[in-house]
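Letter by letter, the chains look like this.
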Amino acid sequence: MTTATSTADRSPAPQLRRPLTAARLPRWAPAGIAVLSLALACAIGAGAGLSSHLQWGLIAALLFVSISYGVAAKVEGHRQAKDRFFTSLVWTAFVLAVTPLVSLLVYTVQQGNGVVDANFLNHSMRGVLSAGPGGGIYHALVGTLQQVGLATLIAAPIGLLTAVYLVEYGRGRLAAAVTFFVDVMTGIPSIVAGLFILSVWNLALGFDYSGFSGSLALAILMMPVVVRSTEEMLKLVPNELREAAFALGVPKWKTILRIVIPTAIGGITTGVMLAVARITGETAPVLMLVFVSDSINTDPFNGPQMNLPVYIWQQYGYNNQYSYARAWGAALVLIAVVMGLNLIARGIARWRSPKTGH
């Protein structure tokens, strides 16, 4: 019995039916499949007589997802093929989302690059024929900066204090009502804000067209964005910091002012800058409340002013080659301003992040 058992124990183990390692596609396979999909899409589009490059791109996206799944299923197995399928689907969605933005930027730069120069930035449209060359955006740039600046001075403190109330003090029905109205204001159309200010400020109170009137409408649009972003940033501040301050006998208002807000100041500033970038391109309330002016008006409280979005709309409406060029140049400057604000917001957020120690 012992000998038989020993012989059985020394018998070789059965061979594994499935190998420990499986075949994998090389790293360059996704790029190669993408190039192949583009080539096939171009051939199919040209052969079928499709004139739209958008149709070619959609065909290439479908081919990329299909070929990626088929090749992965053949080489790596169906389980890995599913992972490849969803990965390629995500990359395809990313490319489809980024392509319009890149196309817009490239086309705007191509159309407006030949117009934007020192003369374009330092002159207004006073005395310039709409169908003739010359002119610039100085008056519109001044109006945009003043109107957005006033709106920020109005909306940022109110939004910050509202967020502090909701996070630190808000309880019961009043806090729920404030939250509800902030959510409603987040989706309010810009034209509605303009109509409200026009009815109250201009018609009821009798004030004339001015840059400040437009700033009031822009502040209404900006305020809920500031409240929401600031509220989320304040919620990220650890409660341990508040409790430590309370344990040392620090009053609640001083804890908020000296500990909570400085801790979240990076995110708060980022939210304010993103809200500023959102209102910079608004046209309807500015056109309704500020009106238009071809001259430089540095007083936002008296008389009509120009604004970059309204300037673009006005020049495009003149329907001639010179006005088209000025419109595209103003659009390029407006995109640069908005992009600069977003970059500043990202820089402040990175500088004030906890990892940097500031």
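Up top is the structure.
Model, not experiment: these values are computed from the prediction.

1. Some points on the overall build of the chain
Secondary structure summary: the chain contains 15 helices and zero strands in total. Over its C-alpha atoms the chain spans a radius of gyration of 30 Å, topping by over 25% the 21 Å that the globule rule assigns to 358 residues. Seen through its principal axes, the chain has C-alpha atoms that stretch 110 × 75 × 35 Å. When the 358 residues of the chain are sorted by exposure, 36% land in the buried category. The long-range share in the chain, meaning contacts at least 24 apart out of those at least 6 apart in sequence, stands at 70%.

2. Thoughts on the pattern of salt bridges
Side chains bearing opposite charge may pair, as long as their charged atoms lie close to each other. For the coordinates displayed, the defined rule picks out seven salt bridges. Its salt-bridge partner being Arg-24, residue Glu-76 comes within 3.2 Å of it at the nearest N-O pair. Residue Glu-76 is found in the loop between helix H3 (53–75) and helix H4 (78–112), and its partner Arg-24 is found in the loop between helix H1 (2–9) and helix H2 (29–48); the two are separated by 52 residues along the sequence. Its relative accessible area of 55% is what places Arg-24 among the exposed residues. Note that Glu-76 is salt-bridged to Arg-84, the shortest N-O span being 3.1 Å. Because the salt bridges share partners, they merge into one network encompassing Asp-183, Arg-228, Glu-231 and Lys-235.

3. Examining unusual backbone geometry
Non-glycine residue Phe-291 carries a positive phi angle of around 70 degrees. By secondary structure assignment, the location of Phe-291 is in the loop between helix H13 (284–289) and helix H14 (308–318). With relative accessibility at 41%, the residue Phe-291 sits in the partly exposed group. Even without a glycine there, the phi angle at Asn-319 is positive, about 60 degrees. Judged by relative accessible area, which is 56%, Asn-319 ranks as exposed.

4. Quick look at the packing of aromatic side chains
Counted by the stated rule, this structure contains ten aromatic pairs. Taking 5.2 Å as the distance between ring centres and 80 degrees as the angle between the ring planes, the aromatic pair formed by Phe-85 and Phe-86 counts as edge-to-face. Taking the relative accessible area as the measure of exposure, Phe-85 reaches 28% and is therefore partly exposed. Ring geometry for Tyr-107 and Trp-328: centres 5.2 Å apart, planes at 80 degrees, overall edge-to-face. With Tyr-107 in helix H4 and Trp-328 in helix H15 (residues 321–351), this pair connects stretches of sequence that are 221 residues apart. Judged by its relative accessible area of 42%, Tyr-107 is partly exposed. By the ring-pair criterion, three or more aromatic residues cluster together here, those being Trp-201, Phe-207, Phe-212 and Phe-301.

5. A closer look at the side chain of Arg-242
The residue Arg-242 is located in helix H10 (residues 239–247) in this model. If we skip the residues at most four places from it in the chain, Arg-242 touches Val-167, Glu-168, Leu-234, Val-237, Thr-255 and Val-260.

6. So, the nonpolar core
A general trend in soluble globular proteins is that nonpolar side chains are found buried together. In terms of nonpolar packing, the biggest core is built from 45 residues, with Ile-137, Met-222, Ile-279, Leu-308 and Tyr-311 touching the most fellow members. Those elements that provide at least two residues to this core are helix H6 (138–169), helix H8 (190–204), helix H9 (211–235), helix H12 (265–280), H13, H14 and H15. In terms of residue count, the dominant contributor to this core is H9 (ten residues). Apart from residues no more than four positions distant in its own chain, Met-222 is found in contact with Ala-151, Thr-152, Ala-155, Val-272, Ala-275, Val-276 and Ile-279. Counting residues in hydrophobic clusters, the runner-up holds ten residues, among them Val-167, Leu-234, Ile-261 and Ile-268.

7. Observations concerning the environment of Gly-77
Looking at the element boundaries, Gly-77 is found in the loop between H3 and H4. Overall, the relative accessible area of 23% leaves Gly-77 in the partly exposed class. Between the alpha carbons of Gly-77 and Ala-131 there is a distance of 66 Å; along the sequence they are 54 residues apart.

How each quantity is defined
- Residues numbered from 1 in each chain as written.
- Predicted model: local features only at pLDDT ≥ 70, side-chain atom pairs only at ≥ 80, totals over all residues.
- Heavy atoms only, no water.
- Helix = DSSP H or I, 4+ residues; strand = E, 2+ residues; numbered from the N terminus.
- Rg over C-alpha atoms; globule rule 2.2 N^0.38 Å.
- Buried < 20%, exposed > 50% of the residue type's maximum accessible area, 1.4 Å probe, protein only.
- Contact = heavy atoms within 4.5 Å.
- Salt bridge = Lys/Arg side-chain N within 4 Å of Asp/Glu carboxyl O.
- Phe/Tyr/Trp six-rings, centres within 6.5 Å; stacked < 30°, edge-to-face > 60°.
- Core = buried A, V, L, I, M, F, W, Y, C linked by side-chain atoms within 4.5 Å.

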